[in-house]
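Given next are the chains, with one letter for each unit.
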Amino acid sequence: MSRIRVGLVGAGTMGSVHAQGWQECAGAELVAVHGAADGTAAALAERHDAHVCDDLDDLLERVDVVDVCAPTHLHHEIVLAAARAGRDVVCEKPLGRTPAQAEEIVSACAEAEVRLLVAHVVRFFPEYAAMRAAVRAGQVGEPAVVRLTRSTYQPAKPGGNWYLDEEKSGGLTMDLMIHDLDYARWIAGEVESVYARSVRSADPDSTIDHAVAILRHTSGAITHVEGSWAYPKPAFVTRGEVAGTLGVVNFDSDRDSPLRPRLRQSATTGDVPIAGSPVSESPYTTQLRHFSAVLRGEEDPIVTAADGLAAVRMATAAAESIRTGAPVSVEVTN
């Protein structure tokens, strides 16, 4: 494949971030954009000298790879259409709104023999990558307790805020906490059960949400995950710690840490919070550069389709635990 022709579906916050990232990937070219009929897709296409498509079929005819940055509840139908057309797929997290949707997506892409790359970008942030590298190198021994925090402001939209419609977004656990659920599994292995509580479950009319989840790994390790949509703009606070049998490694975006460079506050003060990083290259670009190499057969994927499915299963278990008040078992992903 001498040149990867990319078609972007979704022209909102993440669509704009991905569009910029593809522009910085040698050998890949954003050639088409499809999105809501509100002018955002046309404007994004014009900024990147791409063709604006009125429908998905038009986009599929023009591209080799479909990059899905549409709202969560639309991922399923878009990816299935791309698989039927024989197009490789990059899909923003979460892979699907439900485990059943995610399972169908994985199966459809496997049957169509197209690549499926899930954009769990946290794995590409230097702090998180460095902490996992330290764990993999045996510097802390066997992980015993993992603590992860991701706190920011609640996403807003000028109209029809799908983030606050849990049927569409999955709420805080599926949209925000899923980052750290995926990372916890990457660090400490498969998760067998989740127990979670949240502010909004106790007060459905709350204008904020804040959730805490406890993961039990099959290895015996325990992870504490905190996710918050309760902070004021422009805050985006992240923390991570792994305590093992030989020591502890950690980072904190609010202070200097042993795993530099440290994470800044949100890179934007827009309606949807986006984590920033002080490194010279955006982790979103790093991620897409890696995906481009995978599509060329030059690298193995850091995030697999199975990882994307496992994250959806864990986020769904967390939401179910919040609803029932009881721990929820998680199906192990092969």
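Residues numbered from 1 in each chain as written. Predicted model: local features only at pLDDT ≥ 70, side-chain atom pairs only at ≥ 80, totals over all residues. Heavy atoms only, no water.

### Focus: the layout of surface pockets
Considered as a void within the structure, the largest pocket measures approximately 1,000 Å³ in volume. Thr13, Cys69, Lys157, Trp162 and Tyr163 are the residues nearest the centre of the largest pocket, which is lined by 44 residues in total. Elements with a contribution of two residues or more to the lining of the largest pocket: helix 1 (13-23), helix 4 (75-84) and helix 8 (171-188). The computed volume of the second largest pocket comes to approximately 360 Å³. Taken together, 20 residues make up the lining of the second largest pocket; nearest its centre are Glu166, Gly170, Thr173, Ala319 and Glu320. If you list the elements that add at least two residues to the lining of the second largest pocket, you get helix 7 (166-169), helix 8, helix 9 (199-202) and helix 11 (305-324). Sort the elements by how many residues they give to the lining of the second largest pocket and helix 11 lands first, with six residues. When the residues that make up the lining of the second largest pocket are grouped by side-chain class, the tally is six nonpolar, seven polar and seven charged. (1 Å grid on protein atoms, 1.4 Å probe; cavity = no way out; pocket = protein on both sides within 12 Å on 5 of 7 lines; lining within 4 Å. Points joined across faces, edges and corners; volume = space filled by probe spheres on them. Helix = DSSP H or I, 4+ residues; strand = E, 2+ residues; numbered from the N terminus. Nonpolar A, V, L, I, M, F, W, Y, C, P; charged D, E, K, R; others polar.)

### Structural notes on unusual backbone geometry
Each neighbour pair has its own omega, and for Lys93 with Pro94 the value is -10 degrees, a cis peptide bond. A cis amide bond links Lys233 with the next residue in sequence, Pro234, at an omega value of 0 degrees. Counting through the fold element by element, Pro234 comes out in the loop between strand 10 (222-229) and strand 11 (236-244). For Asp49, which is not glycine, the phi dihedral falls at a positive 55 degrees. Here Asp49 is to be found in the loop between helix 2 (40-47) and strand 3 (51-52). By relative accessible area, which is 70% here, Asp49 ends up exposed. (Buried < 20%, exposed > 50% of the residue type's maximum accessible area, 1.4 Å probe, protein only.)

### A word on the environment of Ile105
Of note, Ile105 is situated in helix 5 (residues 99-112). Linking Ile105 and Thr304, residues 199 residues apart in sequence, is a C-alpha distance of 13 Å. Discounting residues that sit within four places of it in the chain, Ile105 has contacts with His75, His76, Val79, Leu80, Leu95, Gly96 and Leu116. (Contact = heavy atoms within 4.5 Å.)

### Remarks on the nonpolar core
By size, the foremost hydrophobic cluster in this structure holds 98 residues, and its most contacted members are Val33 and Val66. By residue number, the principal contributor to this core is helix 8, which donates eleven residues. Val66 has contacts with Gly7, Val9, Leu59, Leu60, Ile78, Ala82, Arg87, Asp88, Val89 and Val90, leaving out every residue within four places of it along the chain. (Core = buried A, V, L, I, M, F, W, Y, C linked by side-chain atoms within 4.5 Å.)

### Remarks on the packing of aromatic side chains
Across all of its chains, the model carries six aromatic pairs by this definition. Look at Tyr128 and Tyr183: their rings are 5.0 Å apart centre to centre, the planes differ by 85 degrees, and that puts the pair in the edge-to-face class. Linking Tyr128 in helix 6 (residues 126-136) with Tyr183 in helix 8, this pair joins segments that are 55 residues apart in sequence. Owing to a relative accessible area of 0%, Tyr183 belongs among the buried residues under this scheme. (Phe/Tyr/Trp six-rings, centres within 6.5 Å; stacked < 30°, edge-to-face > 60°.)

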